Amino acid sequence: MSEKNERNERNEKNETKTLQKSFFAPLLGWKALFEKPVTIRVPKEKREAAPRYRGFHINDWEKCIGCGTCSRICPTDAITMVEVPDMKQEYGMKPQRPTIDYGRCSFCGMCVDICTTGSLQMTREYIFFSHDANDFYYAPTERGLLDKEPSEIKVGWTRDESSELLDLDRILPDAMESSERIDSFVEFVKAYSKEQAVAEAARCVECGICVDRCPQHMRIPEYIKSIWKDDLKDALKWLLKGDEEQSNLGANPLSGVCGRVCTHRCEEVCTISHRGEAVAIRWLKRYIVDNVPIEEWNDAVSFDTSKTDKKVAIVGSGPAGLSAGYFLASMGYDVNVYESMNRPGGVMRYGIPKYRLPDEALDKDIAFIEAMGVKILTGVAVGRDISFDELKNRYDAIFISTGLTLGRSTRVPGSDHPDVVQALPLLREIRDYLRGEGPEPKIAKRVVVIGGGNVAMDIARSLARLQKMKYGEVNVTLTCLERTYEEMPADLEEIEEAIEEGITINPGWGPKEVIFFPDEDKIKGLKCVKCVEVFDENKRFNPKYDESQVSYFDGDMIIEAIGQAPDYSYLPEEWKAKIQFVGPRILTNNLRQTQIPWLFAGGDIVNGPDIIHGIADGYWAARGIDEYLDSNGNVEK
Amino acid sequence: MMNSMNDASVSQELQKVFEELKSMFGSCEAVHIDARQYKLIVPSDKTLGMLTYLKSIGYSHLSIITCVDWIDEKKFELVYILFNWSNGATFLVSTFIDRDRPVFYTVKDMWPTAEYYERDVHEFFGVEFEGNENCKKPLMLELWDDLPPLRKDFDPLQYSKEHFPDRTYEKDPIHEARIIRGDIEGDIEGGEIDG
Ligand SMILES: Cc1cc2nc3c(=O)[nH]c(=O)nc-3n(C[C@H](O)[C@H](O)[C@H](O)COP(=O)(O)OP(=O)(O)OC[C@H]3O[C@@H](n4cnc5c(N)ncnc54)[C@H](O)[C@@H]3O)c2cc1C
Ligand code: SF4
Ligand code: SF4
Ligand code: SF4
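These figures come from a predicted structure and were not determined experimentally.

Analysis parameters
All residue numbers here refer to positions counted from 1 along the written sequence of the relevant chain. Chains carry letters from A onward and ligands carry numbers from 1 onward, assigned in written order. In keeping with the model being predicted, local features are shown solely for residues with a pLDDT of at least 70 and side-chain atom pairs are shown and tallied solely at 80 or more, while totals for entire chains, interfaces and linings include all residues. Side-chain numbers here rest on the full set of heavy atoms in the structure, without hydrogens or water. Take the buried Ala, Val, Leu, Ile, Met, Phe, Trp, Tyr and Cys residues and link them wherever side-chain atoms come within 4.5 Å; each set so joined is a nonpolar core. Relative accessibility thresholds used throughout: buried, under 20% of the residue-type maximum; exposed, over 50%; partly exposed, between the two (1.4 Å probe, protein chains only). Going along the chain from the N terminus, every DSSP run of H or I of four or more residues is numbered as a helix, and every run of E of two or more is numbered as a strand. Any pair of residues with heavy atoms lying within 4.5 Å of one another is described as a contacting pair. Domain start and stop positions are those given by an automatic or database domain assignment. To obtain the arc, one takes the directions from the helix axis to the C-beta atoms. The near set for a molecule or strand comprises every residue that places at least one heavy atom within 4 Å of it. Gly is placed with the polar residues, together with every amino acid not listed as nonpolar (Ala, Val, Leu, Ile, Met, Phe, Trp, Tyr, Cys and Pro) or charged (Asp, Glu, Lys and Arg). In this scheme, strands are said to pair when DSSP sees at least two bridges between them. Every angle, taken between N-to-C directions, lies between 0 and 180 degrees, and every axis is a line fitted to C-alpha atoms, over only the stretch in contact when it is a helix. Only protein atoms enter the calculation, which uses a 1 Å grid: trapped sets of points that fit a 1.4 Å probe without letting it out are cavities, open sets showing protein on both sides within 12 Å along at least five of seven lines are pockets, and any residue with an atom within 4 Å of a point is a lining residue. Grid points are joined across faces, edges and corners, and a volume is the space filled by probe spheres set on the points. Surface patches are drawn from residues lacking salt bridges whose relative accessible area is over 30%; two like charges belong together within 9 Å, two nonpolar side chains (Val, Leu, Ile, Met, Phe, Trp, Tyr) within 5 Å. Accessible surface area values rest on a Shrake-Rupley calculation with a 1.4 Å probe, where residue burial reflects the displayed protein chains alone. The term salt bridge refers to a pairing of a side-chain nitrogen on Lys or Arg with a carboxyl oxygen on Asp or Glu at a separation within 4 Å. Neither His nor the chain termini are counted; the positive set is Lys and Arg, and the negative set is Asp and Glu. A charge is said to be at NZ when it belongs to Lys, at CZ for Arg, at CG for Asp and at CD for Glu. Nitrogen and oxygen atoms within 3.5 Å of one another constitute a polar contact, given that in protein one can donate a hydrogen and the other can accept it, and given that sequence-neighbouring residues count only through two side-chain atoms. Pairing of aromatic rings covers Phe, Tyr and Trp, the last through its six-membered ring, and needs centres within 6.5 Å; plane angles under 30 degrees mean stacked, over 60 mean edge-to-face, and all others mean tilted. In this analysis the charged atom, NZ for Lys or CZ for Arg, is taken to sit over a ring once it is within 6 Å of the ring centre and within 35 degrees of the ring normal.

Asks: Is there a simple way to explain the nonpolar core in this structure?
Replies: Nonpolar side chains in soluble globular proteins generally cluster together in the buried interior. Counting 147 residues, the largest nonpolar core has Phe388, Ile400 and Ile459 of chain A as the members making the most contacts within it. With nine residues, helix H21 (residues 611-631) of chain A is the single largest residue contributor to this core. Aside from chain neighbours lying at most four places away, what touches Ile400 of chain A is Val315, Phe388, Tyr570, Ile586, Leu599, Phe600, Ala601, Gly602 and Ile605 of chain A. Residues Leu14, Leu21, Leu54 and Ile97 of chain B belong to the second largest nonpolar core, which totals 38 residues.

Asks: Would you mind showing me how to read the domain arrangement of chain A here?
Replies: It is common to give the size of an interface as the accessible area that goes away when the parts come together. Domain boundaries in chain A define domain 1 (57-152), domain 2 (178-300), domain 3 (311-402 + 568-631) and domain 4 (406-565). A separation of 52 Å is found between the C-alpha centroids of domain 1 of chain A and domain 4 of chain A.

Asks: So what exactly am I meant to see when it comes to helix H19 (residues 492-500) of chain A here?
Replies: Given 3.6 residues per helical turn, the α-helix brings residues three or four places apart onto the same face. Residue and element names in this part refer to chain A. What H19 keeps buried is the set Glu494, Ile495, Glu497 and Ala498. Down the axis of H19, the sector holding all buried residues measures 165°, keeping them to one side. Of the surrounding secondary structure, the elements contacted by the buried residues of H19 are helix H4 (178-181), helix H18 (454-471) and strand S14 (504-507). Taken from the residues just after H19, Gly502 is the one with a positive phi, measuring 100°.

Asks: Honestly, the site of ligand 2 in this entry has me stumped. Any pointers?
Replies: Close to ligand 2 lie 15 residues; Cys64, Cys67, Gly68, Cys70 and Cys115 of chain A are nearest. Of the residues contributing to the shell around ligand 2, the split by class is eight nonpolar, seven polar and no charged.

Asks: Explain the sheet that holds S14 of chain A to me, please; I cannot follow it from the model alone.
Replies: Sheet strands associate in pairs through backbone hydrogen bonding, adopting either a parallel or an antiparallel arrangement. Residues and elements named next belong to chain A. Taking strand neighbours across the sheet as the criterion, the five strands line up as S11-S18-S12-S13-S14 in an open arrangement whose pairing is parallel. Every interior strand has two partners, whereas the edge strands, strand S11 (420-422) and S14, have only one. In this sheet, neighbouring strand axes are inclined to one another by 20° on average, regardless of whether the strands run parallel or antiparallel. By the bridge criterion, four bridges tie strand S12 (residues 447-450) to strand S18 (residues 557-560) in an arrangement that is parallel. Bridging from a neighbouring strand, Ile450 pairs with Glu560 of S18. Against the sheet, H18 engages S12, strand S13 (476-480), S14 and S18, with an angle of about 170° to S13.

Asks: Just checking my understanding: could you explain the site of ligand 4 for this structure?
Replies: Contacts to ligand 4 come from Cys204, Val205, Glu206, Cys207, Gly208, Cys210, Pro221, Cys270, Thr271, Ile272, Val279 and Ile281 of chain A. Across the shell around ligand 4, the residue classes tally to nine nonpolar, two polar and one charged.

Asks: What exactly am I supposed to notice about the layout of surface pockets here?
Replies: A water-sized probe, rolled over the atoms, reveals where empty space remains. Counted as a void, the second largest pocket has a volume near 610 Å³. Looking at the second largest pocket, it is lined by 23 residues, and the ones nearest its centre are Pro75, Thr76 and Ser106 of chain A together with Pro156 and Ser160 of chain B. Secondary structure elements with two or more residues in the lining of the second largest pocket: helix H2 (69-73) of chain A together with helix H4 (156-163) of chain B. The element contributing the most residues to the lining of the second largest pocket is H4 of chain B, with four residues. Residues of the lining of the second largest pocket, tallied by class, amount to 14 nonpolar, four polar and five charged.

Asks: It is not clear to me how a negative patch on the surface should be interpreted in this structure. Could you clarify?
Replies: Residue and element names in this part refer to chain B. Where like charges cluster on the molecular surface, the negative patch consists of Asp145, Asp146, Asp155 and Glu162. Tracing the sequence through the fold places Asp145 in the loop between strand S7 (128-130) and H4. The exposure class assigned to Asp145 is exposed, which follows from its relative accessible area of 54%.

Asks: Could you clarify how one ought to interpret the side chain of Ser130 of chain A in this entry?
Replies: Positionally, Ser130 of chain A belongs in the loop between strand S4 (120-122) and strand S5 (137-138). One polar contact links the side chain of Ser130 of chain A to the main-chain amide nitrogen of Asp132 of chain A, over a distance of 2.9 Å.

Asks: Before we go on, may I ask you to explain the side chain of Arg151 of chain B in this structure?
Replies: Residues and elements named next belong to chain B. Within the secondary structure, Arg151 is located in the loop between S7 and H4. With no salt bridge to any partner, buried Arg151 finds its closest opposite charge in Asp153, at an N-O distance of 5.0 Å. Separated by 2.8 Å, the side chain of Arg151 and the backbone oxygen of Phe125 make a polar contact. Apart from the residues lying within four places of it in its own chain, the contact partners of Arg151 are Asp69, Phe76, Arg99, Pro102, Phe124, Phe125 and Gly126.

Asks: What is the right way to look at the packing of aromatic side chains in this model?
Replies: The relative placement of two aromatic rings is captured by the distance of their centres and the angle of their planes. All names here are of chain A. For the structure shown, the criterion picks out 32 aromatic pairs over all chains. Centroid distance Phe56 to Phe107: 6.5 Å. Interplanar angle 55°. Geometry classified as tilted. Residue Phe56 is located in the loop between helix H1 (3-34) and strand S1 (57-59), and its partner Phe107 is located in the loop between strand S3 (96-101) and helix H3 (110-114); the two are separated by 51 residues in the primary sequence. Under the relative-accessibility criterion, Phe56 is labelled buried at 8%. Members of the aromatic cluster, joined through ring pairs, are Trp297, Phe303, Tyr326, Phe327, Phe368, Tyr619 and Trp620. One cation-aromatic arrangement involves Arg465 over Tyr355; the distance from NZ or CZ to the ring centre is 3.8 Å. In this structure, Lys530 is placed above the aromatic ring of Trp509, and the distance from its NZ or CZ to the ring centre is 4.4 Å.

Okay, structure coming up:
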């Protein structure tokens, strides 16, 4: 083959190749035009995301409590909590909801993993476009970013055990078993160890939902954080000084007491309780107070005060009186507290049993209050040892917090017998006896307690202990109108512990009469009839009975624990007539000022029903008195 | 191929490998993950030898090199994931190195792809691989000027705040949400999915 031929041939081949190519190639291309593309034609065609896809957020506004935990964990600062106007205000929630900036969000899902209520979720939605940057900032609702029917939204990423970011289980303090605790009045719940306290503190997400619920608005997240940092002096400062920028709001001079026996409403709303157990706020508070020696308190807590020349008298050294005294002293006033009993503390000293609140805890709190300059004059009853008018002449303002000192009787036939006694005086006698300041009270072998509240539990459990210590066995029957444990006003915890200690509880019975042994002045027991309804349609106390159902409870002694009433006999008629009463309680303004400008009041005679409300009353009254004495006029609030 | 072997025979085969490894490298902890997955924890001076051996007996696919920051223990854990195409089994070879002096050796001569995995581990954890001259070249994070971001002591929130200042939006997202929920009436405009 010549060279030329060779080249020609090659050319020919090439030509056919190019020919073929130019002929077929477009065809292939055209064919592809009619085939389905390999790529997905977003957004006309939607590709389902994986079941665990972390797409756009949705938030159930009914479930969300506005705690802001999602916003605090977000590593890109994408979530801002924004107030919702006109949202219903309730304890346990804040009127705000999270808003998310998708210009910042990295779709990590941590907000979903930590969401305390489980309201915040991620969907499998991921397609959205807009030219307007504003559209990427939104508040997720049930309808999501794309405003869809909730039933049409597929949920994506969901928290599971390994991505859970909350610690849901509470660290329980050590406590004595019922068989051991019934043998004495020793405080049966032990204090947290440091390890326990730090671990419990670490469960708090610092949302502050509890702060709104606390009547005194204690700085709970702040002191819990200080425990976590193991800075107990700082924690104590938060307890005793509260928020220094807000006139010490949140301070509680009876923190050692409250760390043991507070009704702890804060825990009922704790954010963690939605999916787990509430943070043990009360026990953490006790841990702080117990672990800073009293010698170091002054170091941790001092007030800048300039002395005034004004003097304030306080009547009653219960929580309200002591609290008012503390705050007034911190403002530089000269404070004298008058107390008819031999020791200060009111119900904390003479009512609450020792196994819940030992004297030493109360003494530590009171020692600091006295160190602040509050003078407590015990054994001086106003109206008996010094007249109210005398106080009026000697002082520039008066705060009364005399509590509910009178018992109430069922007044059923036979209740005037000396072995039918009221809970309060008996609790008082027991406490005096236990501290070696009084004779042994009468301890009957069989006791019937009437009442379904915490006071009934306290007296029943105290008597059970005394019976066990004296006779080796418990025989206490408790009966009340309320038909179930849930309906009973006592805490469920108290009821459970009482049952553990051997007390028999018979709810749903109304006392009818005291039964005596024939021809003997000796009580045999209590006759009761079935209680079918405690409250009427208007939720008013109005019990109804079925007299055909009768029950007898055996007992040599009957204790009435059905409520207390105030004793205003120390108030001269002249002043009593000027005060406005609502039922047995005194009406005041927000600063606890009565209709008489120089007279302020608080505690159970104004609000109640517990220690922390009394402390809050003392705080506000101190501010009110300060304002009154500063202006020497009326406090308008 | 992979499915042609059942779990029992794979497990038998793996048992043999463990014995070999033990005789060659002394103590080596094997953690069972599932029938075809085991984690091998080896001292760092034996890691390269073990990788070489495993490669030679069929565990030749290096799926990835990754790292875990054990900040409290002051260690970085390097993890090499090796896969065997013939029996479908995987070994996670793990070794702990000093967190304060995070240097290890490259394996790019055994697996060229390792160059990129090592760059990735360097970028996100700050571990250097001796012998990989490109180790410090940025892979994904351009102009990064902070701690390697997957270290536990890196603070993502602070980083976001510093590098991405908040912008203000001209809308009230809560107002919009209340309209969407039907709590109040009103109009909203905005982007749609159909563009
Ligand atoms: C048995 C019992 C158990 C309780 N348990 C708890 C509990 O666990 N947690 C809780 O938070 N709350 C509890 N409470 C409720 C709580 O104790 C009260 O709400 C609180 O003590 C009210 O405080 P106060 O300052 O109003 O008065 P009180 O504590 O009642 O103190 C009033 C003081 O004023 C004195 N006083 C009265 N008249 C005069 C006078 N004329 N002159 C001088 N002094 C006078 C009294 O002697 C008394 O010391 C309990 C109550 C009782 C009865
Ligand atoms: S964490 Fe959950 S409940 Fe709390 S504000 Fe965020 S979305 Fe609402
Ligand atoms: S997904 Fe992550 S980045 Fe996005 S908002 Fe939630 S926590 Fe923030
Ligand atoms: S104690 Fe509970 S409610 Fe209070 S700040 Fe902590 S997590 Fe929130």
